[in-house]
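So you can see what is in the structure, the chains are spelled out below.
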Amino acid sequence: MMFADQHRDLATLTAADRYRSLRPRAGADFASNDYLGLAGSDRLRGAMVEALARGVPVGSGGSRLLRGNAPEHEALEAAAARFFGTEAALFFASGYAANTILFATLPQRADLIVHDALIHASAHEGMRLTRATCVRAAHNDAGAVEDAIATWRSAGGTGRVWIAVESLYSMDGDRAPLGDLAHVADRHDAILLIDEAHATGVFGTDGRGLAEGLDGRENVITLRTCGKALGCEGALLCGPAVMRDFIVNRGRGFIFSTAPSPLMALAVDEALRIVADEPGRRERLWDQVATAARVLAPHGVAATGSQILPLVLGDAARTMQVADAIQRAGFDVRGIRPPTVPEGGSRLRISLTLNATVADIEALGAIMGEALQ
């Protein structure tokens, strides 16, 4: 039989109740990462319509090193560097692509990457391609990072150290100790890689993220995903100019990929303006965070101080049953199970966005109480 191995694997997933399928959107949005409701905003839509009317092309037509380097790409990267306070920025088609290319390209054969235990799958994909040594450190533990570096040095490690973390973790909603990690990086002449995917647009002055104050340092590189609070697609790596130049010259995933749409680059540029110009969006989101902490805490939902709220139920089957009941009641809350989270860590991931209302959160609390009985 053709694709016999694939059929067997899918059957195994089905038997383990882990088979995935695509389905239409339905219910109040407690699942997306469109935290500020920008994806459908009139201002973002208007910028795209105006750009199309004046002839900005939909496609780039080639890689950035061929004819695909559009003025919109250059304008976005210059604007992002100014906005985040870095020497340079480089635009990618997705956060997954940016992370994969970053880890596969920048660390060298003699180097060490110390990564947080809960770092994103895209970082793991890049580390699978890297020539550097990779070591896992306990979650949000700067001491464990420092211990890993010391152990590697004592065993004869001589290269550069790269410390890889997320500023806000997508499944737990908790924050990395960035100040402590920056001190570790300074003490060991290391480079700190900060994935700001879920913090950009939501935290910091004008939405500059949790790494605000570290941007612009010679030993810090940040990833700014554009498909979450910015409401668009793509990602920006922000850091020293040598980072940009090295990836342009050595990053195979960048060199041999068709450039992102110039229209999307223009949209991201406009999104950065919106998050700076419209602080009311963040204020409304924080009102939702406060409401959710009050309404959902009695049901065991952790108050994380962020827009990401987990309810860890542990058992995968029960988690999916509860999620299904909530969805049938009209609320798009997703169950998350291994391997996305550790074994025993199955949970409901409640994502607060401006696509839902405070009234929706109140109603979700009532439904959640019934579904958990």
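Structure: above.
Below is a short write-up of the structure. Please read all numbers here as calculations on a predicted model, not as lab measurements.

Calculation notes
Residues numbered from 1 in each chain as written. Predicted model: local features only at pLDDT ≥ 70, side-chain atom pairs only at ≥ 80, totals over all residues. Heavy atoms only, no water. 1 Å grid on protein atoms, 1.4 Å probe; cavity = no way out; pocket = protein on both sides within 12 Å on 5 of 7 lines; lining within 4 Å. Points joined across faces, edges and corners; volume = space filled by probe spheres on them. Helix = DSSP H or I, 4+ residues; strand = E, 2+ residues; numbered from the N terminus. Core = buried A, V, L, I, M, F, W, Y, C linked by side-chain atoms within 4.5 Å. Buried < 20%, exposed > 50% of the residue type's maximum accessible area, 1.4 Å probe, protein only. Contact = heavy atoms within 4.5 Å. Salt bridge = Lys/Arg side-chain N within 4 Å of Asp/Glu carboxyl O.

## Comments concerning empty space enclosed by the protein
Picture a little ball the size of a water molecule; that probe, rolled over the atoms, points out where space is still empty. Under the definition given, this model contains two cavities of 30 Å³ or more. One number sums up the size of the largest cavity: a volume of about 80 Å³. Around the largest cavity, the lining comprises 14 residues; the ones closest to its centre are Asn99, Phe103, Leu193, Ile194 and Asp195. Broken down by secondary-structure element, the contributors of at least two residues to the lining of the largest cavity are α4 (95-105), β5 (161-166), β6 (191-195) and β7 (220-225).

## What about the nonpolar core?
The biggest cluster of nonpolar side chains holds 55 residues, and the ones touching the most others in it are Phe30, Ile326, Ile350 and Met368. Sequence-distant contacts of Met368, that is, excluding residues within four places in its chain, are made with Leu296, His299, Val301, Leu311, Ile326, Leu348 and Ile350. Counting residues in hydrophobic clusters, the runner-up holds 25 residues, among them Ala176, Leu181, Ala185 and Leu214.

## Things to note about unusual backbone geometry
A cis geometry characterises the amide bond from Pro338 onward to Pro339, with omega recorded as 10°. Topologically, Pro339 is positioned in the loop between β11 (334-336) and β12 (346-351). Despite not being glycine, Asp189 has its phi angle at roughly 50°, a positive value. Inspection of the secondary structure puts Asp189 in the loop between α7 (178-187) and β6.

## Describing the pattern of salt bridges
Within the structure shown, the criterion is met by 24 salt bridges. Put simply, Glu125 and Arg128 hold a salt bridge, and the shortest N to O gap is 2.6 Å. Note that Glu125 and Arg128 are positioned in helix α5 (residues 121-129) at a spacing of three residues, about one turn of the helix. The partly exposed category is assigned to Glu125, whose relative accessible area is 24%. Residue classification places Arg128 among the exposed residues on the basis of a relative accessible area of 59%. Overlapping salt bridges bring together Arg43, Asp269, Glu270, Arg273, Asp277, Glu278 and Arg281 as one network.

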